[in-house]
Amino acid sequence: RDAVREATKDAPSVPWNNAPVLAAAPHAAKIAPFFAPATILTLKNSRADGLVYAIRAGAVDDKTLMAQVTVDELADFFLYAKAVNERVCAALAGDTGKLAAVVTVNDLSGVDLFGDARFRDALSAASKRGDKIFPGLAAETVLLNLPRLVQALVNVFKPLFPPSVQKKIKFAKFDLASPETFIDRASPNRADFLRNVDAVLAN
């Protein structure tokens, strides 16, 4: 909470200063270098009533990362990010009068299918804990540019999931956005990215 307050103290001239938030993250010294600004982006959705969390999974060197941290340490880091998003969503809900949630967009272009399983274990652990601590925070998950083998498996197994689960998982193919888009808040490509996300969620 203190970190979020520090991040927004200069708004609206500086809408968000991520430095104090990252500094307060657990195990940030070991983990943060693997998640450069061009790899992960969190921004308001096109209606400014929720968040979109975008990540270039294929750009994360998971094997080197997991050689330096434990599954629990990385899970704590991801859970902290969810806690920050929860505080921001609570503020948005106060402004709009509507429940705010987070849409996750994961670009799997270039992802290593034989990457470190411990990285996936950390993601899974953080997701399960986050769902219990912050129910209602997670909205849809959009998986972009799946490798062909993964897409084939999805086509086989997706019908086995309950309809409620199927509704929250979307698949699409489009360029997430250039790395410059992630770094430059003024980039016009951000609007294009959000329009693409809206189109996927509408189907």
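The structure we're discussing is the one just above.
Residues numbered from 1 in each chain as written. Predicted model: local features only at pLDDT ≥ 70, side-chain atom pairs only at ≥ 80, totals over all residues. Heavy atoms only, no water.

## Considering the overall build of the protein
Then comes step 1: Helix and strand counts for the protein come out as 10 helices and 5 strands.
Then comes step 2: Out of the 203 residues in the protein, the part that is buried amounts to 38%.
Then comes step 3: Counting contacts in the protein only where the partners sit at least 6 residues apart, residues at least 24 apart contribute 76% of the total.
Then comes step 4: Accessible surface computed for the protein: about 11,500 Å², of which carbon and sulfur atoms make up 59%. (Helix = DSSP H or I, 4+ residues; strand = E, 2+ residues; numbered from the N terminus. Buried < 20%, exposed > 50% of the residue type's maximum accessible area, 1.4 Å probe, protein only. Contact = heavy atoms within 4.5 Å. Areas by Shrake-Rupley, 256 points an atom, 1.4 Å probe, with all protein chains shown as cover.)

## Re the environment of Asp61
Then comes step 1: Within the secondary structure layout, Asp61 lies in the loop between β2 (51-56) and α4 (62-66).
Then comes step 2: Among the residues examined, Asp61 registers a relative accessible area of 40% and is labelled partly exposed.
Then comes step 3: Along the primary structure Asp61 and Gly115 are separated by 54 residues, whereas in three dimensions their C-alpha atoms are 8.7 Å apart.

## A look at the packing of aromatic side chains
Then comes step 1: The full count for this structure, using the stated rule, is 4 aromatic pairs.
Then comes step 2: Seen in terms of ring centroids, Phe35 and Phe78 are 5.9 Å apart; in terms of plane orientation they differ by 80°. Their pairing is edge-to-face. Taken together, the positions of Phe35 in the loop between α3 (28-31) and β1 (40-44) and Phe78 in helix α5 (residues 71-96) put the pair 43 residues apart, joining distant regions of the chain. Exposure class is identical for Phe35 and Phe78. Each is buried.
Then comes step 3: Judged by relative accessible area, which is 8%, Phe78 ranks as buried.
Then comes step 4: Among the aromatic residues, those joined into a cluster by ring pairs are Phe35, Phe77, Phe78 and Phe119. (Phe/Tyr/Trp six-rings, centres within 6.5 Å; stacked < 30°, edge-to-face > 60°.)

## Details of the pairing of strand β4 (residues 138-144)
Then comes step 1: For strand β3 (residues 102-107) and β4, the ladder comprises 5 bridges, and the chain directions are parallel. Bridge pairing in β4 links Asp107 to Leu144.
Then comes step 2: With respect to chirality, the unit in which β3 leads through helix α6 (residues 117-133) into the neighbouring parallel β4 is right-handed.
Then comes step 3: Where β4 meets strand β5 (residues 169-172), 4 bridges bridge the pair, whose relative direction is parallel. By the bridge assignment, Leu143 is partnered in β5 with Phe171. (Pairing = 2+ DSSP bridges. Right-handed = clockwise from strand over helix to strand, strands pointing away.)

## Structural notes on α6
Then comes step 1: Taking 1.5 Å of rise per residue, 17 residues should cover 24 Å, and α6 covers 24 Å from first to last C-alpha, within 8% of that figure.
Then comes step 2: Three or more residues of α6 are buried, namely Phe119, Ala122, Ala126 and Gly130. Taken down its axis, α6 places every buried residue within 60° of arc, on the same side. Structural note: α6 exposes Lys128 and Lys132 on the side pointing more than 90 degrees away from its buried face.
Then comes step 3: Packed against the buried residues of α6 are α4 and α5. (Expected span 1.5 Å × (residues − 1). Arc of directions from axis to C-beta.)

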